[in-house]
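# Observations on the three-dimensional arrangement
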Amino acid sequence: MNARIEEIDGKYLATLEGEMDTAAALEAEEVLKPIYNSEGKDVIIDCTNLEYIASSGLRILLSILKGAKANGSKVVMRGMNDDIKNVFKLTGFISIFDFE
């Protein structure tokens, strides 16, 4: 699992790669903590190379979304494969996140 954050054009870009199982989610959470409080900046989460996400990974994404909304920002999910999209559909997350 690889997670990283960049600031591009006044937005945060979080890139997730590999398998976000429970152990990897703990590491990813540390990397992604700076965007929990998005400081009014929109957040793009690039899942192009994300192969798997466990419930602990979904919890992290939900925390990012809550923090962003509290600061008037939005979170956009980008590049999800069909398997990850299916997880979002089954959990109801498909209706609370924006996608591009």
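Details of the structure are given in the entry above.
Structure report, in brief.

What counts and how
Residues numbered from 1 in each chain as written. Predicted model: local features only at pLDDT ≥ 70, side-chain atom pairs only at ≥ 80, totals over all residues. Heavy atoms only, no water. Pairing = 2+ DSSP bridges. Helix = DSSP H or I, 4+ residues; strand = E, 2+ residues; numbered from the N terminus. Right-handed = clockwise from strand over helix to strand, strands pointing away. Expected span 1.5 Å × (residues − 1). Buried < 20%, exposed > 50% of the residue type's maximum accessible area, 1.4 Å probe, protein only.

## Observations concerning the pairing of strand β4 (residues 75-78)
Two strands pair when backbone bridges link them, and strand β3 (residues 43-53) and β4 are joined in this way by four bridges, in the parallel orientation. Opposite Asp46, over in β4, you have Arg78 as the bridge partner. As a crossover connection, the stretch from β3 through helix α2 (residues 55-70) into β4 is right-handed. Read from β4 through helix α3 (residues 82-91) to strand β5 (residues 98-99), the crossover connection turns out right-handed.

## Digging into α2
Residues lying three or four places apart along an α-helix face the same way, a consequence of the helix completing one turn every 3.6 residues. With 16 residues, α2 should reach 22 Å at 1.5 Å per residue; the first-to-last C-alpha distance of 23 Å fits that figure. Those residues of α2 not exposed but buried are Ser56, Gly57, Leu58, Ile60, Leu61, Ile64, Leu65, Gly67 and Ala68. Among the residues trailing α2, Gly72 stands out with phi positive, at a value near 75 degrees.

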